[in-house]
Each structure stands twice: as structure tokens, then as C-alpha cells.
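Structural overview for review
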Amino acid sequence: MALAMERFPGKVAAAVFAAAGMPCVGKHMGVTTEEFMRRTSSKGLLMDCEMLPINNNQGAGVAIIMGPDFLARKYYQQSPPEDLALAKMLVRPGNQFMKDPVMKDASLLTDDNYGSVKKVYVVAKADGSSTEEMQRWMVMFSPDTEVEEIAGADHAIMSSRPTELCDALVKIANNLNTC
């Protein structure tokens with residue numbers, strides 16, 4: 001999404017980040033992943049997740065496989081049990097792209113393009129993986145980012161608080177129509 005915002009800022013009315021990594025101008029795109037890993041791995045908060053060395057066409061890297069306990073206690077702890085069960089069935093290694101040169105390019109996102117797109121961050125107040133503090137840390141690096149909060153929402157906001165997420169998205173859309 002960030003690269004689309006950089007390339008086509010006039011085509012994006014607003015970018016909504018819902019309990020997600022939000023890159024910022026002047027820092028490389030991997031800084032949020034690095035900060036998340038620093039905050040969680042040093043405290044053992046990754047629980048039963050596995051780090052898997054991988055090799056692909058971009059070279060060596062690391063993927064993460066979310067463990068069932070991590071999903072249950074950190075991602076889906078407020079979601080219906082059937083959503084957790086489905087998530088456990090769909091787990092695949094996720095590349096962290098930490099050594100990807102594009103992710104390390106601090107000049108990739110510019111103030112004139114990416115920085116000119118309206119951003120809204122939806123804080124999941126009960127997210128057990130990316131704490132509210134971590135979510136607000138990302139917002140701090142992107143001035144003028146609007147913030148919506150959803151109480152009781154875990155990392156999977158669309159599962160744990162679908163009505164509240166829909167209400168927030170409608171509010172954001174309505175605010176765009178009045179500008």
C-alpha cells in the first residue's frame with residue numbers, strides 16, 4: 001500500500017491502517033517491523049512462534065510462523081473461536097523482508113507523495129501483539145495522522161469488532177466527503 005501511495009498519491013483519498021505497520025517518511029519501511037521485533041522477541045512475547053531461515057530470489061531472509069498459542073493469546077483473544085480456528089488452519093510462513101534493499105531505503109517514501117496522502121490509524125485497544133503503545137509509536141512518526149480507537153478490538157479487528165470497524169470506516173469515508 002505504501003508504494004502505491006508513493007507512486008499514485010492523487011489516486012488515494014485516504015489510507016487506513018488498522019492495527020497494521022504504518023511506514024513513515026524519512027525512515028526505511030522495515031523500521032516498524034524492526035521495532036515490533038525488538039519489543040517482542042527480547043521479552044519472550046513471541047511465545048510459540050517460529051523463526052524460519054529462508055532463501056528466495058532476493059537472497060537469505062527470515063520468515064515467521066505464528067504459533068497456535070500466540071494466535072490465541074495475542075492476535076485473536078477477543079475474536080470468535082471459529083475465526084481463531086480458521087486462522088490456525090491458514091498459517092503460512094510470513095517473510096519479514098528485513099534484508100530486502102527496498103525495505104532499507106529511507107528515501108523511498110517522500111513527503112511530496114506518500115506524505116501528502118491522508119492517513120488514518122485505527123488503534124485496536126486490546127491488541128495483544130502490537131500494543132497500544134506500539135501503535136501510537138507509529139502514529140507519532142507520521143504527523144497529521146488521524147486516529148480512531150476501537151475498544152476491545154484484538155489484532156484481527158474485523159473479527160473481534162466488525163461493527164465498530166465498519167462504523168469507523170464509514171466515519172472516515174464521510175469525513176472525506178465533507179472536505
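Residues numbered from 1 in each chain as written. Predicted model: local features only at pLDDT ≥ 70, side-chain atom pairs only at ≥ 80, totals over all residues. Heavy atoms only, no water.

If you look the protein chain up in an unreviewed UniProt entry, it shows as AB hydrolase-1 domain-containing protein from Aegilops tauschii subsp. strangulata.

**Quick word on the pairing of strand β5 (residues 119-124)**
Summarising burial for β5: six of the six residues are buried, a large majority. Here β5 shows a buried face lined by Lys119, Tyr121 and Val123 and a second buried face lined by Val120, Val122 and Ala124. As judged from the four bridges shared by strand β1 (residues 15-18) and β5, these two strands associate in the parallel manner. The residue of β5 that forms the bridge with Val16 is Val120. Of the pairings in the sheet, the one linking β5 to strand β6 (residues 146-150) comprises five bridges and is parallel in character. Opposite Ala124, over in β6, you have Ile150 as the bridge partner. (Buried < 20%, exposed > 50% of the residue type's maximum accessible area, 1.4 Å probe, protein only. Helix = DSSP H or I, 4+ residues; strand = E, 2+ residues; numbered from the N terminus. Pairing = 2+ DSSP bridges.)

**Side note on empty space enclosed by the protein**
Across all of its chains, the model carries one cavity of 30 Å³ or more by this definition. What the largest cavity holds in volume is close to 80 Å³. Counting only elements with at least two residues in the lining of the largest cavity, the list comes to β2 (50-56) and β3 (59-65). The element that contributes the greatest number of residues to the lining of the largest cavity is β3, accounting for three residues. Taken together, the residues of the lining of the largest cavity break down into four nonpolar, five polar and two charged. (1 Å grid on protein atoms, 1.4 Å probe; cavity = no way out; pocket = protein on both sides within 12 Å on 5 of 7 lines; lining within 4 Å. Points joined across faces, edges and corners; volume = space filled by probe spheres on them. Nonpolar A, V, L, I, M, F, W, Y, C, P; charged D, E, K, R; others polar.)

**Structural notes on the packing of aromatic side chains**
Counted by the stated rule, this structure contains three aromatic pairs. Between Trp137 and Phe141, the ring centres sit 4.8 Å apart and the planes meet at 75°, which makes this aromatic pair edge-to-face. Ring-pair connections join several aromatic residues into one group, and the members of that group are Phe70, Tyr75 and Tyr76. (Phe/Tyr/Trp six-rings, centres within 6.5 Å; stacked < 30°, edge-to-face > 60°.)

**Re the side chain of Arg39**
Examined against the element boundaries, Arg39 turns out to sit in helix α2 (residues 31-41). There is a polar contact of 2.7 Å between the side chain of Arg39 and the side chain of Glu35. Here Arg39 is in contact with Leu45, Glu133, Met134 and Trp137, once residues within four sequence places are set aside. (Polar contact = N/O pair within 3.5 Å; in protein donor to acceptor, adjacent residues only side chain to side chain. Contact = heavy atoms within 4.5 Å.)

**Quick look at the side chain of Gln96**
Looking at the secondary structure, you find Gln96 in the loop between β4 (94-95) and β5. What makes Gln96 buried here is its relative accessible area of 16%. Engagement of the side chain of Gln96 in a polar contact is seen with the backbone oxygen of Gly94, the distance being 3.3 Å. When residues no more than four places from it in sequence are discounted, the contact partners of Gln96 are Thr33, Met37, Val62, Ala63 and Ile64.

**Here's the deal with a nonpolar patch on the surface**
A surface patch of nonpolar side chains, amounting to about 320 Å² of accessible area, comprises Leu86, Met89 and Leu90. The residue Leu90 is located in the loop between α4 (81-89) and β4 in this model. According to the relative accessible area criterion, Leu90 is exposed, its value standing at 52%. (Patch = residues over 30% accessible without salt bridge, like charges linked within 9 Å, V, L, I, M, F, W, Y side chains within 5 Å. Areas by Shrake-Rupley, 256 points an atom, 1.4 Å probe, with all protein chains shown as cover. Salt bridge = Lys/Arg side-chain N within 4 Å of Asp/Glu carboxyl O.)

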